[in-house]
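# Architecture and fold: a report
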Amino acid sequence: NNSFQELFDLVLKVSDFLKSEVEKIQLGQPPSLENDSLSAEITNFLEDISNHGHINEDSADNTSTVVNAINLNPENKTDEKAYFLHIHFSKDCQMENIRAYMLLNKLETVGKILSTIPEELNTNKDASSIISQNGFYCSISTAISAEELVSLIKGTLSVEDIKFIDALPNTSNQGETNKDYSSEKRNTGKQNLISVDLNKLDTLMDLVGEIVITESMVSSNADLEGLELDNFNRASRQLRKLTDELQDIVMSIRMVSIASTFQKMRRIVRDMGKKLNKDVELILMGETTEVDKTIIDGIADPLMHLVRNAMDHAIEDKAQRIACNKEPTGKIILSAQNVGGDIIITVSDDGRGLDPDMILQKAKEKNLLMKPEDEYTEREIYNLLTLPGFSTKDSVTEFSGRGVGMDVVRKNIEKIGGTVTIESVKGVGTNIFFKIPLTLAIIASMEISVGKNIYAIPISQIRESFKANPNQLFTDPENHELIMIRGTCYPIIRLHNIFNLKDTLTNITDGILLMVDSGNSQACIFADELIGKHQVVVKPLPIYLNRFAVKKAGIAGCTIMGDGNISLILDVPSIIDKYWSHAKGRL
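Each chain has its residues counted from 1, running along the sequence as written. It should be noted that, the model being predicted, local features are given only for residues of pLDDT at least 70 and side-chain atom pairs only at 80 or more, the latter also being counted only at that level, while totals for whole chains, interfaces and linings use all residues. Side-chain measures here rest on the full set of heavy atoms in the structure, leaving out hydrogens and waters.

### Thoughts on the overall build of the protein chain
When helices and strands are tallied, the protein chain shows 17 helices and 22 strands. When accessible area is computed with a 1.4 Å probe and restricted to protein chains, residues below 20% of their type maximum are described as buried, those above 50% as exposed, and intermediate ones as partly exposed. Across the 587 residues in the protein chain, those meeting the buried criterion constitute 41%. Contacts were defined at the residue level, with two residues in contact if any of their heavy atoms lie within 4.5 Å. Counting contacts in the protein chain only where the partners sit at least 6 residues apart, residues at least 24 apart contribute 69% of the total. If you sum the accessible surface of the protein chain, you get close to 32500 Å²; carbon and sulfur atoms cover 51% of it. Going along the chain from the N terminus, every DSSP run of H or I of four or more residues is numbered as a helix, and every run of E of two or more is numbered as a strand. The Shrake-Rupley method, run with a 1.4 Å probe, gives the accessible areas here. Residue values count only the displayed protein chains as cover.

### Some thoughts on the pairing of strand β12 (residues 442-450)
Within β12, seven of the nine residues are buried, which leaves it mostly tucked inside the rest of the structure. As paired strands, β12 and strand β20 (residues 529-537) are joined by eight bridges and run antiparallel to one another. Looking across to β20, one finds that A444 is bridged to Q535. The pairing of β12 with strand β13 (residues 453-458) spans six bridges and is classified as antiparallel. The residue bridging S445 from the neighbouring strand is P458, located in β13. When DSSP finds at least two bridges between two strands, those strands are taken to pair.

### Things to note about the nonpolar core
Take the buried residues of types Ala, Val, Leu, Ile, Met, Phe, Trp, Tyr and Cys, join any two whose side-chain atoms come within 4.5 Å, and each joined set is a nonpolar core. Ranked by internal contacts, the top residues of the largest apolar core, which has 46 residues, are I299, L303, L334, I345, F434 and I436. Per-element tally for this core: the top contributor is helix α10 (residues 293-314), with nine residues. Leave out the neighbours within four places in its chain, and I436 touches I295, I299, D342, I343, I345, I413, I416 and G418. Counting 31 residues, the second-largest nonpolar core is a separate cluster that includes Y83, V110, L121 and I333.

### Digging into the packing of helix α9 (residues 259-276) against α10
Interaxial distance between α9 and α10 falls to 10 Å at its minimum, and their mutual angle equals 25 degrees. Classified by the interaxial angle, the pair formed by α9 and α10 is roughly parallel. In the packing of α9 onto α10, the handedness of the crossing is right-handed. Between α9 and α10, the contacting residues are T261, F262, M265, I268, V269, M272, G273 and L276 on the first element and I296, A300, L303, M304, V307, R308, M311 and D312 on the second. Axes, fitted as lines to C-alpha atoms, cover a helix only where it is in contact. Angles between the N-to-C directions of the axes lie from 0 to 180 degrees. Here is the rule for angles: anything less than 35 degrees is roughly parallel, anything more than 145 is roughly antiparallel, 65 through 115 is roughly perpendicular, and the remaining ranges are oblique. Here is the rule for handedness: rotate from the far helix to the near one, and if that takes an anticlockwise turn smaller than a right angle the crossing is left-handed, while a clockwise turn gives right-handed.

### Observations concerning the packing of helix α4 (residues 96-107) against helix α5 (residues 127-134)
Their axes nearest at 7 Å, the elements α4 and α5 cross at an angle of 85 degrees. When the interaxial angle is binned, α4 and α5 end up roughly perpendicular. Contacts from E96, N97 and A100 of α4 reach α5 at A127, S128, I131 and S132. Throughout, the ten residues Ala, Val, Leu, Ile, Met, Phe, Trp, Tyr, Cys and Pro are labelled nonpolar, Asp, Glu, Lys and Arg are labelled charged, and all others, Gly among them, are labelled polar. Here the contact of α4 with α5 is built from residues that sort into three nonpolar, three polar and one charged.

### Remarks on the sheet that holds strand β8 (residues 330-339)
Spatially, five strands are ordered β6-β8-β9-β11-β10 in an open sheet, and the strand pairing comes out mixed. Strands at the two margins of the open sheet, each flanked by one partner only, are β6 (280-285) and β10 (419-425). The mean inter-strand angle of the sheet, taken between neighbouring strand axes irrespective of direction, is 15 degrees. Packed onto the sheet, α10 meets β6, β8, β9 (342-349) and β11 (429-437) and runs at close to 175 degrees relative to β11. Its contacts with the sheet put helix α15 (residues 406-415) on β10 and β11, and the angle it makes with β10 is roughly 140 degrees.

### Notes on α4
Spanning 12 residues, α4 covers 16 Å between terminal C-alpha atoms, matching the ideal 16 Å at 1.5 Å per step. By the criterion of burial, α4 is predominantly enclosed, with 11 of the 12 residues buried. Those residues of α4 lying buried are E96, N97, I98, R99, A100, Y101, M102, L103, L104, N105 and L107. Multiply 1.5 Å by the residue count of a helix minus one, and that product is the helix's expected span.

### Re the pattern of salt bridges
By definition here, a salt bridge exists when the distance from a side-chain nitrogen of Lys or Arg to a carboxyl oxygen of Asp or Glu is within 4 Å. Scanning the entire structure with this criterion turns up 24 salt bridges. The salt bridge involving E281 is made with K331; its shortest N-O contact spans 3.9 Å. Of this pair, E281 sits in strand β6 while K331 sits in strand β8, and the two are 50 residues apart along the sequence. With relative accessibility at 36%, the residue E281 sits in the partly exposed group. Note on K331: relative accessible area 7%, which makes it buried. Measuring nitrogen to oxygen at the nearest pair gives 2.9 Å for the salt bridge that ties R321 to E316. We classify R321 as buried; its relative accessible area is 1%. Residue classification places E316 among the buried positions, given a relative accessible area of 6%. Several salt bridges share partner residues, and in doing so they unite D9, D16, R267, R270, D271 and K274 into one network.

Geometric descriptors of this kind do not, in isolation, establish any biological role.
Rendered as structure tokens:
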């Protein structure tokens, strides 16, 4: 009620005042001696609650009336029927647990969710992979018909297939499928903490990186070729073991939970909700995910911008949502999840969504199109929002504010080695993905040779390596090379074609194939030979190369090898995407 709202408002005002005073002291400025307006508000509030002494019962009755008014099925309980559903999402959609969570929120507006597989979508860290492999199961009790239920579900982003089944499968044999990871044992002992300047940690990380490079130079020294040095090799292995442990502990020191960054968004949602008279629920998922401190600092501003945009422009007011048969309370979901060697952060809302036709028209008016309109895919249209020249005041109302400042968001994410992807359905909602490396420092990689060139592939993205058998190889009607492995077909990607290299092996059976996984698709990369596994220090590419779209060409960074030469680190997801783009004739 109003008393509680006033109390929270005062608490937050006092908190802001104290923070500002502390900042003044830290900057050497004199603090404010008094704040008459804030003191008066506190005094008035205390007098008000002293006079009344309790919550107004009429207010509680009114709240109950409002709840009943927005209940879509206050009666007809006897007409409800239980449905058992098996739902599959698009193969390349990613973050399946979030999509399932948003689907459940939508289904709860027309009935009661009885059970789901997997359970605990927001705490089970394996939920996304389980749904990707087995699909999402749920049972619901509702008064609407099966046809209406299908129509509602198909209005959710990335739903590909819906089946009605007789009952949910037995989960007794699924091991820890439904395990609640929030109840794991934690160390509750007293912690001894110390604050350290981040610059010192940066220097320490750089030093460890140089130690890793030097250790590799010593162990791989050309002067040692052909010599049998048992004692040296034994000492070298021990040195490598200690070096690996050193880099692991230094990297763990820099890892910070994303929870603090996510929690800051609650204040934004609350304040903007009051100002705009919108009822919005902020849902946080994957708060315990840890990433490098540098990355945490880099995503704070982009996240804040997207949450503000969603609140101000994407989420409709209550009247509009009810008119569109939506739940009156809007939802914004912030999620973080580890996928391979990357972290995927998602900002999702169930608001107005984006209109691709209007975006394309606006881009045409601003001369931002690089090819004919009919050649743009939906994803490419949404990517137009991140162009610097797209943001204008007019676009705030026309495109739900999504275009305003998105170029700055993209630049900030690219600075920390990440990428931005936008997907949306008009009238349903919008998902914005940040794909960012877990750390910008040291990774385990497999070095391969293609002709005279040496490349590194992150170990986390390699599933296996093998020699191809001629009986496994074939081509499809469009002349794309494929290989059959254990009953599954995978495309073959020739690196020498991707990078236009000369003097390389061209016969598939002569070289080596590496099955790689980008998180949402798999392929086999063809190289001349494997050189070996190494810990490499990731060096970012020079900023001036961004104008040439090097990352989209399949290069994620570079590293210095043991002999002093430079090796390029491959960006597996962009290489797979480049292959399919090439195969479809879109390059």
